[in-house]
Amino acid sequence: MTFMRRAPEPVTAAAQGATPVYDAHDLITDGVKAEIVLDGQTYILRITRAGKLILTK
């Protein structure tokens, strides 16, 4: 079962119209993967051993 949580606060204070910045480690709290839902579709965000991000459907 997947639980929906609020997204963490952006790392930098976003000025009006600025793009918020998130630390991937804040999104991936278990250090392995996070599920991201967009319009009913679930995506998996993972950090690889090489320190790269992979987003899959």
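Above: the structure in question.
Residues numbered from 1 in each chain as written. Predicted model: local features only at pLDDT ≥ 70, side-chain atom pairs only at ≥ 80, totals over all residues. Heavy atoms only, no water.

Moving on: the overall build of the protein. On a plain count of helices and strands, the protein comes out with 1 helix and 3 strands. Secondary structure elements in the protein, listed N-terminal to C-terminal, are α-β-β-β. Residue burial in the protein is summarised as follows: out of 57 residues, 9% are buried. The contacts in the protein between residues at least 6 apart in sequence include a share of 9% that link residues at least 24 apart. Total accessible area on the protein is roughly 5100 Å²; 55% of this is exposed by carbon and sulfur atoms. (Helix = DSSP H or I, 4+ residues; strand = E, 2+ residues; numbered from the N terminus. Buried < 20%, exposed > 50% of the residue type's maximum accessible area, 1.4 Å probe, protein only. Contact = heavy atoms within 4.5 Å. Areas by Shrake-Rupley, 256 points an atom, 1.4 Å probe, with all protein chains shown as cover.)

Right, let's talk about the sheet that holds strand S2 (residues 41-47) for a bit. In spatial order, the strands read S1-S2-S3; together these 3 strands make up an open sheet with antiparallel pairing. The open sheet is flanked by strand S1 (33-38) and strand S3 (53-56), the only strands paired with a single partner. The average angle at which neighbouring strand axes cross in this sheet is 25 degrees, direction not considered. With 6 bridges connecting them, S1 and S2 associate as antiparallel partners. Bridge assignment links glutamate 35 to a residue of S2, and that residue is isoleucine 44. (Pairing = 2+ DSSP bridges. Axes fitted to C-alpha atoms, helices over the stretch in contact; angles between N-to-C directions.)

Positioned with a positive phi, aspartate 39 is a non-glycine residue whose angle comes to about 50 degrees. If you trace the backbone, aspartate 39 turns up in the loop between S1 and S2.

Below, the discussion takes up the pairing of S2. Between the end of S1 and the start of S2, which pair antiparallel, lie 2 residues, with aspartate 39 showing a positive phi angle near 50 degrees. Summarising the sheet, S2 and S3 pair through 4 bridges and their orientation is antiparallel. Counted as the bridge partner of leucine 45 is leucine 55 from S3. Between the antiparallel neighbours S2 and S3 lie 5 residues, among them glycine 51 with a positive phi of about 85 degrees.

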